[in-house]
Amino acid sequence: MDTIDIPAQLLPKDGRFGSGPSKIRPQQVRSLCDDSMSLLGTSHRQSPVKQIVASIRQGLADFFSLPDAYEVVLGNGGASAFWDIACASLISRQAAFGSYGSFSAKFAACAASAPFLLDPVIFESPVGSYRLPELTEGVDAYCWAHNETSTGVAAPVRRIPNSEEYGALMLVDATSAAGALPVDLAQCDAYYFSPQKAFGSDGGLWIAILSPAAVDRAFSLESSTELEGAVRWIPPFLSLKSAIEYSRKNQTLNTPAIATLIMLDQQIQWLNSQGGLDWSQQRCAQSASLLYDWAESSSYARPFVSDPLARSNAVVTIDMDEDISADKLVGLLRENGIVDTAGYRKLGRNQLRIGVFPSVEPADVAALTRCVDYLVEVTRG
Ligand SMILES: *Cc1c(COP(=O)(O)O)cnc(C)c1O
């Protein structure tokens, strides 16, 4: 394949458009060398690192305007680990799932494989759309993704009507939504995510914002297990009760990556200093509109998600005409320093997928559209 050099004046300043891992701002990386240098390689049980964790927890509480008595909890393992934690420590008997892409389907599969849970009830919808789980007798946890990263679909976060009669919890996968999409946390009981998407840090950690009902559930499931012996196995690593107890002391069960914590803390402080979630979601909406508007007016590209209200402002998916190979385009972009623009592999569409998290400059998104136009023009001849 021939390389095509995109003229320098068209290029974005920063070419990282991944949907996770995503762009980490240079200031965050610099903070590792400057002010935080002496923290790297020191104990997470001592005050300096605990202060970073405390600052993360307080910063997120401010950022999300936490409802009363909600708690910020964290642990190692990323959002995928939190699915197993939820199966062990949050779902009592049976969960219902909205399933509309790879990530929402994966959590449902975790629940299906847990021998002490009843088979999950799954409400499926075609990729490119979403479906919330519906009220179901006996279900004690309703689960769905705020942003389905594999397809670029955003779903609402709101309690399933009448589910409170059964004391059901709403568990929302916010991995790629948290920090980019607006949310009212009173509408859910666990809003969980990893730091390598909108919070522009490294992976490996999970963060969950828990309602008092979710905290109660975690504590009571663990005590009933002890009574019922072999019925439910909560491996220590998947104990949400223990994660809550450690988090309250600004620690984690086992050793965290301190650099990840520092960069996360820097990002939260930056977001809060810019104007918090209001600012950040508007910036993401601006970047996303640049792409959707460009695709709609383009002769060869169009938004994949047909319902404008379901289009994500965090991860934007753009279908290309069949005579333009998205794979080839993605390769050419990469040779020009513009990376991670490929569609989700298992979705198998001729598509670009662009992460427009708050760290990404809207001007760089605009530049990206000009680079794609340039490459298409040149390759079409
Ligand atoms: C990225 C992602 C995950 C997985 O996160 P890990 O940190 O890799 O475990 C889960 N759900 C959604 C919606 C995601 O975007």
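Rules behind the numbers
- Residues numbered from 1 in each chain as written.
- Predicted model: local features only at pLDDT ≥ 70, side-chain atom pairs only at ≥ 80, totals over all residues.
- Heavy atoms only, no water.
- 1 Å grid on protein atoms, 1.4 Å probe; cavity = no way out; pocket = protein on both sides within 12 Å on 5 of 7 lines; lining within 4 Å.
- Points joined across faces, edges and corners; volume = space filled by probe spheres on them.
- Helix = DSSP H or I, 4+ residues; strand = E, 2+ residues; numbered from the N terminus.
- Nonpolar A, V, L, I, M, F, W, Y, C, P; charged D, E, K, R; others polar.
- Expected span 1.5 Å × (residues − 1).
- Buried < 20%, exposed > 50% of the residue type's maximum accessible area, 1.4 Å probe, protein only.
- Contact = heavy atoms within 4.5 Å.

Trainee: Which residues make up empty space enclosed by the protein, and what values do they have?
Mentor: Scanning the model with the defined rule gives 3 cavities of 30 Å³ or more in all. Its volume calculated, the largest cavity comes out at about 80 Å³. Considering the residues around the largest cavity, the lining is formed by 13 residues, among which Gly75, Asn76, Phe237, Ala243 and Leu253 are closest to the centre. Elements with a minimum of two residues in the lining of the largest cavity: strand S1 (71–76) and helix H6 (240–248). Per-element accounting of the lining of the largest cavity gives the leading share, 3 residues, to S1. Residues of the lining of the largest cavity, tallied by class, amount to 7 nonpolar, 6 polar and no charged. Taken as a whole, the second largest cavity holds about 50 Å³ of empty space. Of all the secondary structure elements, the ones that give two or more residues to the lining of the second largest cavity are strand S2 (95–99), helix H4 (102–113) and strand S4 (141–145). Grouping the constituent residues of the lining of the second largest cavity by class yields 8 nonpolar, 2 polar and 1 charged.

Trainee: Give me the lowdown on helix H7 (residues 258–274), citing residues and values where you can.
Mentor: When the terminal C-alpha atoms of H7 are compared, their 24 Å separation across 17 residues agrees well with the 24 Å that a helix rising 1.5 Å per residue should span. Of the positions making up H7, those classed as buried are Ile258, Thr260, Leu261, Ile262, Met263, Leu264, Asp265, Gln267, Ile268, Trp270 and Leu271. Those residues of H7 hidden inside the fold are in contact with helix H1 (26–33), helix H2 (47–63), S1, strand S9 (205–210) and helix H8 (276–297).

Trainee: Let's hear about unusual backbone geometry: which residues, and what values?
Mentor: Here the amide bond leading from Gly20 into Pro21 is cis, since omega sits at 0°, within 30 degrees of zero. Relative to the assigned elements, Pro21 resides in the segment before H1. Positive phi is not limited to glycine here, since Ser65 has a value of about 40°. Relative to the helices and strands, Ser65 is located in the loop between H2 and S1.

Trainee: Go over the pairing of strand S7 (residues 169–173), please, and point to the residues and values.
Mentor: Most of S7 is tucked away: 5 of the 5 residues are buried. On S7, burial covers both faces: Leu169, Leu171 and Asp173 on one face and Met170 and Val172 on the other are all buried.

Take it as geometry only, folks, not as evidence of what the structure does.
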